[in-house]
Amino acid sequence: MEYLGQYKAVYKAKAGCEDILSKAQDGGIVTAMFAYALETGIIDGAIVAGPGEEAYKPEPMIATTVDELLAARGTKYSISPNMALIKEATRSYGLDKIGIVGTPCQIQAVRKAQLYPIGMRDVPDKIALALGIFCMENFPYQGLYQMVEDHCATKIDNVTKMDIGKGKFSVYTERGVNAQIPLKVTHKYEQPGCHVCLDYVANLADISTGSVGTPDGWSTVFVRSAAGEAAFNKAVDAGWIIAESMDGVKPGLELVTKLATEKITKNQKYIEHRAHAEHEALKPLRNPYI
Ligand SMILES: Cc1cc2nc3c(=O)[nH]c(=O)nc-3n(C[C@H](O)[C@H](O)[C@H](O)COP(=O)(O)OP(=O)(O)OC[C@H]3O[C@@H](n4cnc5c(N)ncnc54)[C@H](O)[C@@H]3O)c2cc1C
Ligand code: SF4
């Protein structure tokens, strides 16, 4: 089993521009890559998880300006169906070179639409840059709301950042960390579909990024495809991204590999468990991978 997918290079990296970093989740790689790609014509728009009407309830949006990309910074730990806009991007938005960011499952959807374009005319050739973000699990909005308002006793409207790391879910307000709860409290709110997911680091993206492995304010970045490599190297040369070697970085790839292995092993077991009915009157559950 390939836990980290195929990649050409891996870096510790961050955006070169303070404006992007100020409200980015980690190293601002997603925003910096798309902003550079927009400015240089690699893409003419990007599907991102926009801010939406309710706090931390993401709303898929097509960003065609750097300001719109900046407005989408930061992780919303809830489902943002970014693929829902992919066809529309080629139609009413008239995009020819589409950027899209998504969790590993969303990048799988992009690749599947490219290879098996069922009802997806024009889409396969118009995907220019697919950025994947690492993902252990996601939460339906109501679950996220309860995690913040009930368990963390914090008004979601006052939250300036949320993150998951070191075994804790943390919410920050303007004053700093406001509350932290152990992940064992959040497990029951996880989206059940995430328990059959076998991809942690967006193996099918052009470039994947996440926080795990590198110090705060930096990102771990896997450059995977030829398109990803070309765009990333140009963004580094132009100063939009600062990239350093992962050699000697702590906790580094060791921790990324450990978490990927844990996720995939656990979910693989669950898929096998579903294949056997627990009671003779029940049918085994469908396995989407066969
Ligand atoms: C549900 C979820 C679980 C995650 N789990 C992990 C993890 O286990 N380990 C880890 O290292 N990293 C995880 N991440 C990724 C991490 O939180 C950051 O998104 C990533 O490091 C990018 O940071 P950045 O500073 O480069 O992005 P920024 O420049 O801040 O931009 C963030 C981009 O992410 C997009 N985005 C925000 N929320 C969503 C969403 N719900 N769905 C799709 N796109 C979204 C926005 O559109 C924006 O373009 C997770 C992200 C999500 C959404
Ligand atoms: S755990 Fe998998 S299925 Fe769930 S949101 Fe993340 S990538 Fe998608």
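A few points on the structure. (Residues numbered from 1 in each chain as written. Chains lettered and ligands numbered in written order. Predicted model: local features only at pLDDT ≥ 70, side-chain atom pairs only at ≥ 80, totals over all residues. Heavy atoms only, no water.)

**Some words on the packing of aromatic side chains**
So, point 1. In total, this model carries seven aromatic pairs according to the counting rule given.
So, point 2. Aromatic ring contacts, followed pair by pair, group Y7, F134, Y200 and F222 into a single cluster.
So, point 3. One cation-aromatic arrangement involves K12 over W218; the distance from NZ or CZ to the ring centre is 4.3 Å. (Phe/Tyr/Trp six-rings, centres within 6.5 Å; stacked < 30°, edge-to-face > 60°. Lys NZ or Arg CZ within 6 Å of the ring centre and 35° of its normal.)

**A word on the sheet that holds strand β2 (residues 45-50)**
So, point 1. The eight strands lie next to each other as β3-β2-β4-β5-β9-β10-β1-β11, forming an open sheet whose pairing is mixed. Each edge of the open sheet carries a strand with a single partner, namely β3 (59-63) and β11 (241-245). Averaged over all adjacent pairs, the angle separating strand axes in this sheet is 30 degrees, with direction ignored.
So, point 2. Both β2 and β3 contribute to a ladder of five bridges, which runs antiparallel. Counted as the bridge partner of A49 is P60 from β3.
So, point 3. The sheet strands contacting helix α2 (residues 29-40) are β1 (9-15), β2, β4 (98-102), β5 (127-133), β9 (207-210), β10 (219-223) and β11, and the helix crosses β5 at an angle near 170 degrees.
So, point 4. Sheet contacts for helix α8 (residues 226-237): β1, β5, β9, β10 and β11; angle to β11, the most-contacted strand, approximately 105 degrees. (Pairing = 2+ DSSP bridges. Helix = DSSP H or I, 4+ residues; strand = E, 2+ residues; numbered from the N terminus. Axes fitted to C-alpha atoms, helices over the stretch in contact; angles between N-to-C directions. Contact = heavy atoms within 4.5 Å.)

**Considering the sheet that holds strand β8 (residues 176-182)**
So, point 1. Spatial ordering of the open sheet is given by β6-β7-β8, a layout of three strands whose pairing is antiparallel. This sheet does not close on itself; its edge strands, each paired only once, are β6 (161-165) and β8. Strand-to-strand twist in this sheet, taken as the mean axis angle between neighbours without regard to direction, amounts to 20 degrees.
So, point 2. Here β6 pairs with strand β7 (residues 168-173) via five bridges, running antiparallel. Across the sheet, the residue bridging to G165 is K168, located in β7.

**Thoughts on the side chain of K126**
So, point 1. Mapped onto the elements, K126 comes out in the loop between α5 (104-115) and β5.
So, point 2. Within the structure, the side chain of K126 is placed 3.4 Å from the side chain of D96, a separation counted as a polar contact.
So, point 3. Setting aside anything within four residues of it in sequence, one finds K126 in contact with T90, L95, D96, K97 and I98. (Polar contact = N/O pair within 3.5 Å; in protein donor to acceptor, adjacent residues only side chain to side chain.)

**A short note on the site of ligand 2**
So, point 1. In the neighbourhood of ligand 2, the contacting residues comprise T103, P104, C105, C135, M136, E137, N138, Q191, C194, C197 and K263.
So, point 2. Partitioned by chemical class, the residues of the shell around ligand 2 number six nonpolar, three polar and two charged. (Near = heavy atom within 4 Å. Nonpolar A, V, L, I, M, F, W, Y, C, P; charged D, E, K, R; others polar.)

**Some details on the nonpolar core**
So, point 1. Counting 30 residues, the largest nonpolar core has M33, F34 and V48 as the members making the most contacts within it.
So, point 2. Those elements that provide at least two residues to this core are β1, α1 (18-21), α2, β2, β3, β5, β10 and α8.
So, point 3. Sort the elements by how many residues they give to this core and α2 lands first, with nine residues.
So, point 4. Once residues lying within four places of it in the same chain are set aside, the contact partners of V48 are F34, E59, P60, M61, A63, L69, A72, N82 and V101. (Core = buried A, V, L, I, M, F, W, Y, C linked by side-chain atoms within 4.5 Å. Buried < 20%, exposed > 50% of the residue type's maximum accessible area, 1.4 Å probe, protein only.)

**Side note on a nonpolar patch on the surface**
So, point 1. On the surface, L115, Y116 and I118 cluster together into a nonpolar patch covering about 440 Å² of accessible area.
So, point 2. With respect to the element layout, Y116 can be found in the loop between α5 and β5. (Patch = residues over 30% accessible without salt bridge, like charges linked within 9 Å, V, L, I, M, F, W, Y side chains within 5 Å. Areas by Shrake-Rupley, 256 points an atom, 1.4 Å probe, with all protein chains shown as cover. Salt bridge = Lys/Arg side-chain N within 4 Å of Asp/Glu carboxyl O.)

**Details of the site of ligand 1**
So, point 1. Taken together, 31 residues form the shell around ligand 1, and within it D26, T31, A49, T75 and S211 come nearest.
So, point 2. Note that an oxygen atom of ligand 1 is positioned 2.8 Å from one of the backbone N or O atoms of Q25.
So, point 3. Here an oxygen atom of ligand 1 and a backbone polar atom of G74 are 2.9 Å apart.
So, point 4. Elements represented by at least two residues in the shell around ligand 1 include exactly α2 and β2.
So, point 5. Among the elements that take part in the shell around ligand 1, α2 stands out by supplying three residues, more than any other.
So, point 6. For the shell around ligand 1, the class distribution of residues is 14 nonpolar, 13 polar and four charged.

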